[in-house]
Amino acid sequence: MSTESEELLNAWRQSAEYWSKHRATVRRMFAPVTSAIVEEARIRRGQNILDVAGGPGEPSLTIAEAVGPDGAVTYTDAVSGMVETARNEAGRQNITNISFLECRADGLPFSDDSFDVVTCRFGVMLFSDPPASLREMLRVTKPGGVVVLAVWHTSEMNPFLNAVTRAMARHVESPPSDPCAPGAFRFAEPGSLVALFREAGAENVQERILSFKIEAPIAPSDFWPLRVELSDTLRDKVQRMTPAQLAVIESEVQEEISQFFGESGMSFPASAIIVSGMKSTI
Ligand SMILES: C[S@@+](CC[C@H](N)C(=O)[O-])C[C@H]1O[C@@H](n2cnc3c(N)ncnc32)[C@H](O)[C@@H]1O
């Protein structure tokens, strides 16, 4: 494994405890994206589904309920801490038609043509080798089966993600990030993931913009820890700031995000891109 991909996975290993801590909130926040994936893939009872990079358990667990007892889900993630959280969550919810495996997306340990549908929510833009990962997802999909991917649309469309980073950039020198490097907005331009997926061999590739709300019953004061803890980049930046810098940035963020909080908690407008493609039948 290259040093770069090992470093990326190490960052995720360090994030796993926070994704475990916030798993219920994450589930609520991205439930509309899970619904869009289930709809796009036309997931139905009895199917055999692979979910790649399932993090603390979604969309795997929701899909396991959708396919019912005659169907099955295989959850995968490259980080053992994530796998453990997802497995515990399945136990807590008494979901039994799911199995768990620690593996990388660019080396899926399954035979060719194994799954009716392969899903990946907010994963592919973070991988060290997206083309190889897309080829792997297609390889293990049955001919005529579909792969459905969710990635973030642009930063401007996603104040949940950019409120903290913009406030930090105003106070701490932040070199512009490489748009092609692993990161939330790597495939934010419509068409970019579509092109890569076609090159990987997918047929009938489609994309649609999903406008949704990131909602969860949390207080404005919960936003900063939630946002910073879930991101290794932000945790790292916070550690390198002075207490005075942090106080200013936190207060600016609180002011900016107050518009997205009401009586029932947070409600941020958000935008994702849902890309789907079919495995060739030839
Ligand atoms: C943003 S989280 C998304 C988790 C989950 N799908 C969700 O939507 O809540 C990204 C996940 O990708 C996993 N990951 C990162 N690089 C990976 C790779 N090369 N192969 C498999 N999983 C990877 C991380 O461990 C993390 O759980």
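Fair warning: this is a prediction, and the values are worked out from it, not measured in the lab. (Residues numbered from 1 in each chain as written. Predicted model: local features only at pLDDT ≥ 70, side-chain atom pairs only at ≥ 80, totals over all residues. Heavy atoms only, no water.)

Novice: Would you mind showing me how to read the overall build of the protein here?
Specialist: Of the regular secondary structure elements, the protein holds 11 helices and eight strands. A compact globule built from 282 residues should have a C-alpha radius of gyration of about 19 Å, and the protein, at 19 Å, falls within 12% of that. Viewed in the frame of its principal axes, the protein has a C-alpha envelope of about 60 × 40 × 35 Å. Burial status across the protein gives 50% buried among its 282 residues. Within the protein, contacts between residues at least 6 apart in sequence are counted, and of these 81% link residues at least 24 apart. Summed over all atoms, the accessible surface of the protein reaches about 13,000 Å², with 50% contributed by carbon and sulfur. Each charge sign in the protein was given a centre, from 26 positive and 37 negative side chains, and these centres are 4 Å apart. (Helix = DSSP H or I, 4+ residues; strand = E, 2+ residues; numbered from the N terminus. Rg over C-alpha atoms; globule rule 2.2 N^0.38 Å. Buried < 20%, exposed > 50% of the residue type's maximum accessible area, 1.4 Å probe, protein only. Contact = heavy atoms within 4.5 Å. Areas by Shrake-Rupley, 256 points an atom, 1.4 Å probe, with all protein chains shown as cover. Lys, Arg positive; Asp, Glu negative; His and termini not counted. Charge placed at Lys NZ, Arg CZ, Asp CG, Glu CD.)

Novice: Please clarify how the side chain of Ser271 should be interpreted in this entry.
Specialist: By secondary structure assignment, the location of Ser271 is in strand S8 (residues 265-278). One polar contact links Ser271 to His153, side chain to side chain, over a distance of 2.8 Å. Among residues more than four places away in sequence, those in contact with Ser271 are Trp152, His153, Met157, Asn158, Ile209, Leu210, Ser211 and Phe212. (Polar contact = N/O pair within 3.5 Å; in protein donor to acceptor, adjacent residues only side chain to side chain.)

Novice: In this structure, what is going on with the pairing of strand S3 (residues 98-102)? I would like to understand it.
Specialist: Regular strands place their side chains on alternate faces of the sheet. Of the strand pairs in this sheet, strand S2 (residues 72-77) and S3 are connected by five bridges, and their pairing is parallel. What sits directly across from Thr76, in S3, is Leu101. Considered for its hand, the β-α-β crossover made up of S2, helix H5 (residues 80-92) and S3 is right-handed. (Pairing = 2+ DSSP bridges. Right-handed = clockwise from strand over helix to strand, strands pointing away.)

Novice: What am I meant to see in the packing of aromatic side chains here?
Specialist: Working definition: an aromatic ring pair is given by the centre-to-centre distance plus the angle between the planes. Within the structure shown, the criterion is met by 12 aromatic pairs. With centroids separated by 5.2 Å and ring planes inclined at 50°, the aromatic side chains of Tyr75 and Phe100 adopt a geometry described as tilted. Pair noted here: Tyr75 is in strand S2 and Phe100 is in strand S3, with a separation of 25 residues, a long-range link. Of the residues examined, Tyr75 reaches a relative accessible area of 0% and is grouped as buried. Taking relative accessible area as the criterion, Phe100 reaches 14% and is therefore assigned buried. A ring pair is formed by Phe110 and Phe115, whose centres lie 5.2 Å apart and whose planes are at 90°; its orientation type is edge-to-face. Given a relative accessible area of 16%, Phe110 falls into the buried group. Taken together, the aromatic side chains of Phe160, Phe223, Phe260, Phe261 and Phe268 make up a single cluster linked through ring pairs. (Phe/Tyr/Trp six-rings, centres within 6.5 Å; stacked < 30°, edge-to-face > 60°.)

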